[in-house]
Amino acid sequence: AFDVLVVGGGPAGAAAAIYAARKGIRTGVAAERFGGQVLDTMAIENFISVPYTEGPKLAAALEQHVTEYEADIMNLQRAVKLIPASDQGGEHEVEFESGARLKSKTLILSTGARWREMNVPGEAEYRNKGVAYCPHCDGPLFKGKRVAVIGGGNSGVEAAIDLAGIVGHVTLIEFMDEMRADAVLQKKLRSLPNVEIILGARTTEVNGDGTRVNGLTYEERASGEIKRLELEGIFVQIGLVPNTEWLTDSPIELSQRGEIVIDEHGMTSVPGIFAAGDVTTVPYKQIVIAMGEGSKAALGAFDYLIRH
Ligand code: FAD
């Protein structure tokens, strides 16, 4: 059994494992895919103190750093069930798809999130080649260029406002006949000179020249007419889904969006079970934030252990 078992091996999980292992306590990390979303990322320019790196390189460095310590890394392990301790200070149990079961006095859940995709032709092909999901991350790569933002909810409209200050032109495309974003955001968006809003439009294809995105095709839903925009980038903002499906039968409190609710020490609603990173309610999903949150949850778990 472990003192700390981290479930998830992205930036949050790696940071949690390092902080826990450095306390000299029995630490394990079980992850479906060590590295997490970072593995799907190309250029990273906002990992503070490292002006430029690439996802696979950072993911390898994360794993390398964890292996410097006596933490058990269990890769390719997908958690399917959480069985909380029956009494306070008892052991929690996690069941994996492989049938394996692991016990630990504390848990740190850091299973991250995934961007909802449009699932149209060209989207996967041009991912990181013009198709982007994170304006804070990739906005500056499109300086002076033409981009589209897909989605008129709060995140889409915020992204469009943010991008309008960096890129040349932004077209916001919303499926419904109106945007769902807060009125104050919509007003701000409409006040910007380099933004066009297209409502009632269904994106049907991401176009490219074989190397990079060069356009987007959409259907005007009312008329059924097919139209094409010439542009260099597409930011898909139709939702970030937390990886908490495996927790819905557990007593862990989730927000309406399915994110794990945590307190200022990173503890969930179940004593001894902590969470960190994109899977939680903490706003702004970023690598440095996930690492900070993972470190905090490990220190929270250590504090809990010395009291129980
Ligand atoms: P994740 O990275 O999502 O890691 C989750 C971990 O949990 C993975 O190991 C996963 O396999 C595992 N897992 C999931 N479900 C289970 C399960 N049931 N059982 C076991 N393990 C499970 N951020 C930046 O700061 N800068 C950038 O430039 C940047 N660019 C990005 C580009 C792209 C294309 C994407 C998708 C994201 C980008 N981000 C960027 C966001 C950043 O990657 C995330 O904020 C960060 O990775 C979150 O870390 P995390 O550890 O919370 O979760």
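Everything numeric here is computed off the predicted structure, so don't read it as measured data.

**Re the site of the ligand**
Thought 1: Every one of the 40 residues lining the ligand counts as a neighbour, but Gly8, Gly10, Gly36, Gly112 and Gly277 are closest to it.
Thought 2: Classifying every residue of the shell around the ligand by side-chain character gives 19 nonpolar, 15 polar and six charged.

**Overview of the sheet that holds strand 15 (residues 213-220)**
Thought 1: Across the sheet, three strands lie side by side as 14-15-16; this open sheet has antiparallel pairing. The outermost strands of the open sheet, each flanked by one partner alone, are strand 14 (201-208) and strand 16 (225-230). Taking the axes of each pair of neighbouring strands and ignoring which way they run, one obtains an average angle of 25° across the sheet.
Thought 2: Alignment of strand 15 against strand 16, held across six bridges, turns out to be antiparallel. Along strand 16, the bridge assignment pairs Leu216 with Leu229.

**Structural notes on unusual backbone geometry**
Thought 1: We note that Asn128 has phi near 65°; this positive angle belongs to a residue other than glycine.
Thought 2: Within the secondary structure, Asn128 sits in the loop between strand 9 (113-115) and strand 10 (131-132).
Thought 3: Overall, the presence of 14 C-beta atoms within 10 Å leaves Asn128 in the partly exposed class.
Thought 4: Positive phi, normally seen in glycine, also occurs at Tyr284, with a value near 65°.

**Here we look at the nonpolar core**
Thought 1: Core analysis: the biggest nonpolar cluster contains 49 residues, and Leu5, Ala16, Ala17, Ile108, Phe274 and Ala275 have the highest contact counts within it.
Thought 2: For this core, the elements supplying multiple residues, two or more each, are strand 1 (2-7), helix 1 (11-21), strand 2 (27-31), helix 2 (55-67), strand 6 (79-83), strand 8 (101-109), strand 19 (273-275) and helix 6 (287-307).
Thought 3: Of all the elements, helix 1 adds the most residues to this core, at nine residues.
Thought 4: Here Ala275 is in contact with Ile108, Leu109, Ser110, Ile260, Ile262, Gly266, Thr268, Thr280 and Ala297, once residues within four sequence places are set aside.
Thought 5: Counting residues in hydrophobic clusters, the runner-up holds 33 residues, among them Ala132, Val147, Val157 and Leu216.

**Some details on the pairing of strand 11 (residues 146-150)**
Thought 1: Burial within strand 11 is extensive, with four of its five residues counted as buried.
Thought 2: A crossover links strand 11 with its parallel partner strand 12 (residues 169-173), the connecting element being helix 4 (residues 154-164), and its sense is right-handed.
Thought 3: Across four bridges, the pairing between strand 11 and strand 17 (residues 233-236) is parallel. Within strand 17, the position partnered with Val147 by the bridge is Gly233.

**Describing the packing of helix 1 against helix 6**
Thought 1: Two numbers describe how helix 1 lies on helix 6: the axes approach to 7 Å, and their chain directions differ by 35°. Relative to helix 6, helix 1 is oriented so that their crossing is right-handed. Only Ile287, Ala290, Met291, Glu293, Gly294, Ser295, Ala297, Ala298, Leu299, Ala301 and Phe302 of helix 6 make contact with helix 1, whose side of the interface consists of Pro11, Ala12, Gly13, Ala14, Ala15, Ala16, Tyr19 and Ala20.

About the thresholds
Residues numbered from 1 in each chain as written. Predicted model: local features only at pLDDT ≥ 70, side-chain atom pairs only at ≥ 80, totals over all residues. Near = placed C-beta within 6 Å. Nonpolar A, V, L, I, M, F, W, Y, C, P; charged D, E, K, R; others polar. Pairing = 2+ DSSP bridges. Helix = DSSP H or I, 4+ residues; strand = E, 2+ residues; numbered from the N terminus. Axes fitted to C-alpha atoms, helices over the stretch in contact; angles between N-to-C directions. Buried ≥ 20, exposed ≤ 12 C-beta atoms within 10 Å, placed from the backbone. Core = buried A, V, L, I, M, F, W, Y, C linked by C-beta atoms within 7 Å. Contact = placed C-beta atoms within 7 Å. Right-handed = clockwise from strand over helix to strand, strands pointing away. Left-handed = near helix turned anticlockwise from the far one by under 90°.

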